[in-house]
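This is what each chain is made of:
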Amino acid sequence: METEYGLVDSEAVETPGNEWEEIDVSETEADRIARKRDREFEQFEERIKDADQFKVEQSVFDDATFAALYKLVQDGHVEAFGGPLSTGKEANVYHALGDDREVAVKIYRINSSNFRQMRDYLEGDPRFEGLGGKKKDVVLAWVKKEYANLMRAQKAGVRVPDPIATERNVLVMEYIGDEDGRAKRLGEVEIENPQTAYEVVREYMRRLYSAGLIHGDLSEYNIIFDEGQLVLIDLGQAVTVHHPNSETFLERDCRNIANYFSREGFEVTEDEVLEFVTDPDPDPSRN
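All values reported here derive from a predicted model rather than from experimental measurement.

Q: What's the story with the sheet that holds strand S10 (residues 223-226) in this structure? I'm lost.
A: Taken together, three strands build an open sheet; the order of strands is S8-S10-S11 and the sheet is antiparallel. The open sheet has two free edges, formed respectively by strand S8 (184-185) and strand S11 (229-232), since each of these has just one partner strand. Here helix H8 (residues 194-210) sits on the sheet in contact with S10 and S11, set at roughly 35° to S11.

As structure tokens, this is what we get:
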């Protein structure tokens, strides 16, 4: 199993950390840059606005979003922007060049993100106690949450895109793909050995659970296949095991995974997935 799908070595796992640790959602340097608006920032903003891959998006990028990109460039996390990898209602993902590798830049839309759905996942998360009701605050907290979830999953031995940096509504992470484009989602490829793939996915679900996290939207469309490895993506909505809706989210994840692999020819039930995932030692949901 480890050889065919490159399961991350569990012995290399670090202590995931404290799920109750508050995540800082205060004003960032990008907000201060946007207010200051010096000549260098304004020149950068104009270059980005004139770039072909960003022209269609000018209406949804406010000054602070451009300032966030500017700050990430200043810090060396991004050196050059490429074209879009994906576009959606809540975020666009762009291909970019980092300091020593290709990266993906995920830009959340402040004005058109699904505010109510985001609140459902944020409310009850102990890391965001006291979060205000402003739409901007919720979206910015969501980006911080996705970064923190990726960090926690990685430390728990789950293969996810390596989180690199975050600034306001922008997240920079590892680009997973090659010169031909992004890596394929599990639902887009033919699985030669569905049992082996299932065993890797359920192990990653259990490691997430052991680290106090539940993906919350796991399916064959949030797992990608890259160079012999299965990679879990889109962890923005992942919740802690103490979230009031965590049980519902976990059962849905287990049902989605069981249904997918059963369609692929490996019969497994939702209850079997759930039993495996929730049997770590110690069980974080009892703390």
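Q: Would you explain the packing of aromatic side chains in this entry?
A: The relation between two aromatic rings is expressed through the spacing of the ring centres and the mutual angle of the planes. Under the counting rule described, the total for this entry stands at seven aromatic pairs. Taken together, the aromatic side chains of Tyr198, Tyr260, Phe261 and Phe266 make up a single cluster linked through ring pairs. Directly above the ring of Trp142 sits Lys145, whose terminal nitrogen or CZ lies 4.9 Å from the centroid. Sitting over the face of the ring of Phe276, Arg202 holds its NZ or CZ atom 3.9 Å from the ring centroid.

Q: How should a negative patch on the surface be read in this particular structure?
A: A cluster of acidic residues, Glu102, Asp178, Glu179, Asp180 and Glu227, forms a negative patch at the surface. You can see Glu227 is positioned in the loop between S10 and S11. The exposure class assigned to Glu227 is exposed, which follows from its relative accessible area of 76%.

Q: How do you make sense of the side chain of Asn222 when you look at a structure like this?
A: Counting through the fold element by element, Asn222 comes out in the loop between strand S9 (213-214) and S10. A distance of 2.5 Å separates a polar side-chain atom of Asn222 from the backbone oxygen of Asp217. When sequence neighbours within four positions are dropped, the list of residues in contact with Asn222 reads Arg185, His215, Asp217, Val231, Leu232, Ile233 and Asp234.

Q: Quick question: what am I supposed to make of helix H3 (residues 39-50) here?
A: Given a rise of 1.5 Å per residue, 12 residues ought to cover 16 Å, and the 17 Å separating the end C-alpha atoms of H3 matches this to within 8%. Listed as buried for H3 are Phe41, Phe44, Glu45 and Ile48. On an axial view of H3, the arc spanned by its buried residues comes to 100°, and they lie on one face. Of the exposed residues in H3, the ones pointing more than 90 degrees away from its buried face are Arg39, Arg47 and Asp50.

Q: Explain the sheet that holds strand S2 (residues 91-97) here, please?
A: Within a sheet, each strand pairs with its neighbour through backbone hydrogen bonds, oriented either parallel or antiparallel. Read across the sheet, five strands follow the order S1-S2-S3-S5-S4 without closing on themselves; strand pairing throughout is antiparallel. The sheet terminates laterally at strand S1 (80-87) and strand S4 (163-167), the two strands that pair on one side only. With strand direction ignored, the average angle separating the axes of adjacent strands in the sheet is 25°.

Q: Would you take a moment to explain the nonpolar core for this structure?
A: Grouped together as the largest cluster of nonpolar side chains are 52 residues, with contacts concentrated most on Leu232 and Phe261. With near-sequence residues (within four places) excluded, Leu232 lies in contact with Val158, Arg159, Val160, Pro161, Tyr204, Leu208, Leu218, Asn222 and Ile223. Within the second largest apolar cluster, 24 residues are counted, among which are Ala30, Phe44, Tyr70 and Val78.

Q: Explanation requested: the environment of Leu131 in the structure shown.
A: Structurally, the position occupied by Leu131 is in the loop between helix H6 (115-122) and helix H7 (135-155). For the pair formed by Leu131 and Ala141, sequence separation is 10 residues and the distance between their alpha carbons is 8.2 Å.

Q: Even after reading the chapter, I still don't get helix H2 (residues 29-36), so can you show me in this structure?
A: Think of an α-helix as turning once every 3.6 residues; residues three or four places apart then point the same way. Along H2, the residues classified as buried are Ala30, Asp31, Ile33 and Ala34. Viewed along the axis of H2, the buried residues span an arc of 160°, placing them on a single side of the element. Opposite the buried face of H2, at more than 90 degrees from it, the exposed residues are Arg35 and Lys36. Residues of H2 that are buried in the fold lie against H3, helix H5 (63-74) and S4. After H2 finishes, the residue Arg37 shows a positive phi value of roughly 50°.

Q: Would you explain the packing of helix H9 (residues 246-263) against helix H10 (residues 270-277) in this entry?
A: Helices that pack against each other are described as a pair by the angle of their axes relative to one another and the distance between those axes. Here H9 crosses H10 at 125°, and the two axes come no closer than 8 Å. What the angle tells us is that H9 and H10 run oblique. H9 and H10 meet at a crossing whose hand is right-handed. Facing H9, whose interface residues are Leu250, Glu251, Cys254, Arg255 and Ala258, H10 presents Glu270, Val273, Leu274 and Val277.

Q: Quick question: what am I supposed to make of the pattern of salt bridges here?
A: Opposite charge on two side chains makes pairing possible when the charged atoms of those side chains draw close. All told, the structure shown has 10 salt bridges when counted by the stated rule. A salt bridge links Arg101 to Asp162; the nearest nitrogen and oxygen atoms lie 2.7 Å apart. In this pair, Arg101 sits in the loop between S2 and strand S3 (102-108) while Asp162 sits in the loop between H7 and S4, placing the two residues 61 residues apart along the sequence. In this structure, the salt-bridge partner of Glu203 is Arg206, at a minimum N-O distance of 3.7 Å. Here Glu203 pairs with Arg206, and both are found in helix H8, just three residues apart, close to one helical turn. Residue class for Glu203 comes out buried when judged on its relative accessible area of 16%. What emerges from the salt-bridge pattern is a single network uniting Lys106, Glu146 and Asp234.

Calculation rules
- Residues numbered from 1 in each chain as written.
- Predicted model: local features only at pLDDT ≥ 70, side-chain atom pairs only at ≥ 80, totals over all residues.
- Heavy atoms only, no water.
- Pairing = 2+ DSSP bridges.
- Helix = DSSP H or I, 4+ residues; strand = E, 2+ residues; numbered from the N terminus.
- Contact = heavy atoms within 4.5 Å.
- Axes fitted to C-alpha atoms, helices over the stretch in contact; angles between N-to-C directions.
- Phe/Tyr/Trp six-rings, centres within 6.5 Å; stacked < 30°, edge-to-face > 60°.
- Lys NZ or Arg CZ within 6 Å of the ring centre and 35° of its normal.
- Patch = residues over 30% accessible without salt bridge, like charges linked within 9 Å, V, L, I, M, F, W, Y side chains within 5 Å.
- Areas by Shrake-Rupley, 256 points an atom, 1.4 Å probe, with all protein chains shown as cover.
- Salt bridge = Lys/Arg side-chain N within 4 Å of Asp/Glu carboxyl O.
- Lys, Arg positive; Asp, Glu negative; His and termini not counted.
- Charge placed at Lys NZ, Arg CZ, Asp CG, Glu CD.
- Buried < 20%, exposed > 50% of the residue type's maximum accessible area, 1.4 Å probe, protein only.
- Polar contact = N/O pair within 3.5 Å; in protein donor to acceptor, adjacent residues only side chain to side chain.
- Expected span 1.5 Å × (residues − 1).
- Arc of directions from axis to C-beta.
- Core = buried A, V, L, I, M, F, W, Y, C linked by side-chain atoms within 4.5 Å.
- Parallel < 35°, antiparallel > 145°, perpendicular 65-115°, else oblique.
- Left-handed = near helix turned anticlockwise from the far one by under 90°.

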